[in-house]
Amino acid sequence: MFQQEWKDHGIRLVDGGRRKTPACADGKSVEMKCYLRSVDAKHSPIALPDGKGVTLGRGPETLVTDRKCSKTQVELVANLENRAVHVTQLGANPCSVGEAVLKKGESILMKEDQTLFLVNRLHPYTVMFKEDSPKPAADTGKINKKSPKNTITEPPSTSSKKTITDFFGASTSKGKRRIQHDNTSTGSSNKKPKYQDPKAEAGEEWDDSEEEEIARKLSHLQETAAKAKPSENPSQVSSTDERGVACSKDSWEEHGKLLLFNKKGVQASSKIAGFDIDGTIITTKSGRVFPVNADDWKILYPEVPRKLKELLANGYKVIFITNQMGISRGKLKPEVFKAKVEAILDHLGIPVQVFVATGMGIYRKPVTGMWDHLCNKANDGIEVKKEDCLYVGDAAGRPANWAPDRKKKDFSCSDRLFALNIGIKFFTPEEFFLGWKKAAFNFPVFDPRTINPSGQLYEPPSASLVSPSPEVVVAVGFPGAGKSTFFKEHMIPKGYECANRDTLGTWQKCVAACEAALKRGKSIVIDNTNPDLESRSRYIDCAKKAGVPARCFLFTATIEEAKHNNRFREMTYTGKGHVSVNDMVINSYRTKFVEPSASEGFSEILKIHFVPIFKDPELQALHQQFSE
Ligand SMILES: Nc1ncnc2c1ncn2[C@@H]1O[C@H](COP(=O)(O)OP(=O)(O)OP(=O)(O)O)[C@@H](O)[C@H]1O
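How each quantity is defined
- Residues numbered from 1 in each chain as written.
- Predicted model: local features only at pLDDT ≥ 70, side-chain atom pairs only at ≥ 80, totals over all residues.
- Heavy atoms only, no water.
- Helix = DSSP H or I, 4+ residues; strand = E, 2+ residues; numbered from the N terminus.
- Buried < 20%, exposed > 50% of the residue type's maximum accessible area, 1.4 Å probe, protein only.
- Contact = heavy atoms within 4.5 Å.
- Areas by Shrake-Rupley, 256 points an atom, 1.4 Å probe, with all protein chains shown as cover.
- Core = buried A, V, L, I, M, F, W, Y, C linked by side-chain atoms within 4.5 Å.
- Pairing = 2+ DSSP bridges.
- Axes fitted to C-alpha atoms, helices over the stretch in contact; angles between N-to-C directions.
- Near = heavy atom within 4 Å.
- Polar contact = N/O pair within 3.5 Å; in protein donor to acceptor, adjacent residues only side chain to side chain.
- Nonpolar A, V, L, I, M, F, W, Y, C, P; charged D, E, K, R; others polar.
- Parallel < 35°, antiparallel > 145°, perpendicular 65-115°, else oblique.
- Left-handed = near helix turned anticlockwise from the far one by under 90°.
- Phe/Tyr/Trp six-rings, centres within 6.5 Å; stacked < 30°, edge-to-face > 60°.

Draft legend 1. Representation of the overall build of the chain within the structure. Summing up its helical and strand segments, the chain has 17 helices and 30 strands in all. Buried residues in the chain amount to 50% of all 628 residues. Put simply, of all contacts in the chain between residues at least 6 apart along the chain, 69% involve residues at least 24 apart. With the model as given, the accessible surface of the chain reaches about 30300 Å², and the carbon-plus-sulfur share is 52%.

Draft legend 2. Geometry of the nonpolar core. Formed by 44 residues in total, the largest nonpolar core has its most connected members in Val-472, Phe-486, Phe-487 and Phe-553. Core analysis: the second largest hydrophobic core is formed by 37 residues, Leu-259, Ala-273, Leu-345 and Trp-436 among them.

Draft legend 3. Just the sheet that holds strand 18 (residues 272–275), in detail. The sheet built from seven strands is open, its strands ordered 16-17-22-21-18-23-24 with mixed pairing. Of all the strands in the sheet, just strand 16 (251–255) and strand 24 (425–427) have a single pairing partner and so form its edges. Each strand axis lies, on average, 20° off the axis of its neighbour in the sheet, ignoring direction. Sheet topology places strand 21 (residues 317–323) next to strand 22 (residues 353–357); five bridges connect them, and they run parallel. By the bridge assignment, Thr-322 is partnered in strand 22 with Val-356. Packed onto the sheet, helix 5 (residues 303–313) meets strand 18, strand 21 and strand 23 (390–392) and runs at close to 130° relative to strand 21. The strands that helix 7 (residues 334–348) touches are strand 16, strand 17 (258–262), strand 21 and strand 22; relative to strand 17, the one it contacts most, it runs at about 30°.

Draft legend 4. View of helix 9 (residues 414–422). Burial of helix 9 is extensive: eight of the nine residues sit out of reach of the surface. Along helix 9, the residues classified as buried are Ser-414, Asp-415, Arg-416, Leu-417, Phe-418, Ala-419, Asn-421 and Ile-422. Of the surrounding secondary structure, the elements contacted by the buried residues of helix 9 are strand 21, helix 8 (369–377), strand 23 and strand 24. At the exit of helix 9 stands Gly-423, carrying a positive phi of roughly 95°.

Draft legend 5. Quick look at the side chain of His-373. If you trace the backbone, His-373 turns up in helix 8. Beyond its immediate chain neighbours, meaning those up to four positions away, His-373 contacts His-255, Leu-258, Leu-260, Phe-355 and Ala-378.

Draft legend 6. Structural context of the site of the ligand. Around the ligand sit 18 residues in total, of which Gly-480, Lys-483, Ser-484, Thr-485 and Arg-569 are the nearest. Measuring from an oxygen atom of the ligand, one finds a side-chain N or O atom of Thr-485 at 2.5 Å. One nitrogen or oxygen atom from the main chain of Ile-613 is found 2.9 Å from a nitrogen atom belonging to the ligand. Of all the elements in the fold, those that place two or more residues in the shell around the ligand are helix 11 (483–490) and helix 15 (559–571). The class makeup of the residues in the shell around the ligand is nine nonpolar, six polar and three charged.

Draft legend 7. Up close: unusual backbone geometry. The peptide bond linking Lys-365 to Pro-366 adopts the cis configuration, its omega dihedral lying at 10°. Relative to the assigned elements, Pro-366 resides in the loop between strand 22 and helix 8. Even without being glycine, Asn-120 reaches a positive phi, approximately 50°. Topologically, Asn-120 is positioned in the loop between strand 10 (116–119) and strand 11 (122–130). Given a relative accessible area of 34%, Asn-120 falls into the partly exposed group. A positive phi angle is found at Asn-530, which is not glycine, with a value near 40°. Looking at the element boundaries, Asn-530 is found in the loop between strand 28 (524–526) and helix 14 (533–546).

Draft legend 8. The arrangement of the packing of helix 13 (residues 507–519) against helix 14 in detail. Relative to each other, helix 13 and helix 14 sit at 20°, their axes nearing to 10 Å. By the angle between their directions, the pair helix 13 and helix 14 is classed as roughly parallel. As for the relative orientation of helix 13 and helix 14, their crossing is right-handed in sense. Contact residues: Trp-507, Cys-510, Val-511, Cys-514, Glu-515 and Leu-518 in helix 13; Arg-538, Tyr-539, Cys-542, Ala-543, Lys-545 and Ala-546 in helix 14. Of the residues that constitute the contact of helix 13 with helix 14, the class distribution is nine nonpolar, no polar and three charged.

Draft legend 9. Summary view of the sheet that holds strand 29 (residues 550–555). Across the sheet, which stays open at both edges, the six strands sit in the order 25-30-29-26-28-27 with mixed pairing between neighbours. Of all strands in the sheet, those bounded by a partner on one side alone are strand 25 (458–459) and strand 27 (497–499). Note: strand 29 against strand 30 (residues 604–608), five bridges, orientation parallel. Its bridge partner being in strand 30, Phe-553 is matched across the sheet by Leu-606. In the packing of helix 13 onto the sheet, contacts are made with strand 26 (472–476), strand 27 and strand 28, and the angle to strand 28 comes to roughly 165°.

Draft legend 10. View of the pairing of strand 11. Of all nine residues in strand 11, seven are buried, a share of seventy percent or more. Pairing analysis gives three bridges linking strand 10 to strand 11, with the strands arranged antiparallel. In the strand pairing of strand 11, Leu-116 is matched with Tyr-125. Turn length for the strand 10-strand 11 hairpin, with the two strands adjacent in sequence and antiparallel, is two residues, and the turn residue Asn-120 shows positive phi of about 50°.

Draft legend 11. Representation of the packing of aromatic side chains. All told, the structure shown has 18 aromatic pairs when counted by the stated rule. On the basis of an interplanar angle of 70° and a centroid distance of 4.9 Å, the ring pair of Tyr-391 and Phe-418 is categorised as edge-to-face. Taken together, the positions of Tyr-391 in strand 23 and Phe-418 in helix 9 put the pair 27 residues apart, joining distant regions of the chain. Like Phe-418, Tyr-391 is buried. Geometrically, the ring pair formed by Phe-486 and Phe-553 is edge-to-face, given 6.2 Å between the ring centres and 75° between the ring planes. Placement of the pair is Phe-486 in helix 11 and Phe-553 in strand 29, with a sequence separation of 67 residues.

That's the geometry; what it means functionally is another story.
See below:
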């Protein structure tokens, strides 16, 4: 019957081996070969030997994971002499060649100018006949041993054969996938983590049905992505469902200190799985803390690709969220980092949206600017449901020796605090990818959520903030302690003048302003940090000379609160007033600080506590976020 079919098409059957074409001018015969080529370039061409049946379908050879496609979907037999391929449908769902749609058991001849769709007009292939070998990376077609015409004389090459493990990031062992705990998949010589729970130590196993479920869902996503129409605006809204339309092309966007990458195929979702990049998705190949060059990276754990694919298959949008301050500091070129991001995503082979904070400000984790941008502007209008979201990062505040072979403490807690600021679940990479138990961690000393808006403003409460007669009020407090805000709120409206080095420039000018105010019979506040006796005595002397009292207002905000306020000031800076000061200036205040005392010449010392006064609820919410 097989031979008859060929004859029906006027084709002479040629058994086995490669077809030798007539000799060339140099007398050597040229070998003709036939290849099946994926139109989407999903994999290397598959060799179709002359006259031998090759079955193909869902599986590692084609990378097709579509469950509608049988594992033995079609049988292909090449005829080199006639430059045609005989296609027989073996699977239940229709394959097609050109316009012809086949049924199970039906055959058709396919020519070079035609397209074979493996199933349901998806997964397109063409055939090519070449006289010189294109040196395919994979010669992966399965020779059909059952084919009546096949006498196999040479086994298919498996040298660079793609296995299912390449697709799912786990190694194969007779239908079970055993996760490897060394980094062989990334070419690393890293030791396997010693501290694991028994399940992880034994190697997590997952069976074919689990894998097939992920594959099925992923395939659906890929098909949706493939169908996405190119659009000018990749984040266009087009669905009322909890998933948006897949992004049709790769694109980078810049929003001030935020870089945003939309990988082709990214789909909006109400469920977000966020990941830090360095120390979470990747680590350095060199073993150094910071990468030595743009290529100095490898996937942190072999489990990473599979877990990410699992999330995608389960309807999550996967996003990467990274702080890259080096960019605004000029130490890292944006193009270099962009290329690195793209290389990581190409390696992972999945659609991910990437947020990069290039400097200080609202986009820098732990502040939620990047997340807010995602929710408000980069999720196709689909509402993000916090209860369905998670975030994974290695900056988790774990102390030194947090696990037997983990000596170093975490460099920060910013990832954990980022998740806390948003209000979503948090995991470390070891908890999420390896299933390790929760590690202990240290919480920051200062928690901005605990500031009491109705706390006591000053002590002693019996004191009066303002005086009916002229006086000098000398402030003492960290930069960022809230001195200017306090004076603007409580003293200046009551007629007090204000001398401030930020506006006047030097302490001499502040002294002059103080003397002038007193001469005019006015009270004045000295709104400087005034940490030591020397700085304070200048104004006490002024008061003495004018015969008025000098009081001290000691602002009690701690160094952590002051740094927090200072970061808040930077985030909300509108171009007017005070620019933020760096941490060195704040630390220097602490070094110089001498507790003020009445013996310096003060008639009274008031302690001023930080009591928030926010007219704008958004600013209040921002101030309540952990900022470092
Ligand atoms: N009571 C408050 N309520 C809300 N925000 C405040 C309050 N006090 C200060 N802030 C905010 O904290 C930041 C620092 O405050 P402020 O400039 O008043 O500090 P400062 O002690 O005067 O600093 P510096 O000594 O550097 O001038 C500002 O962004 C300010 O808006």
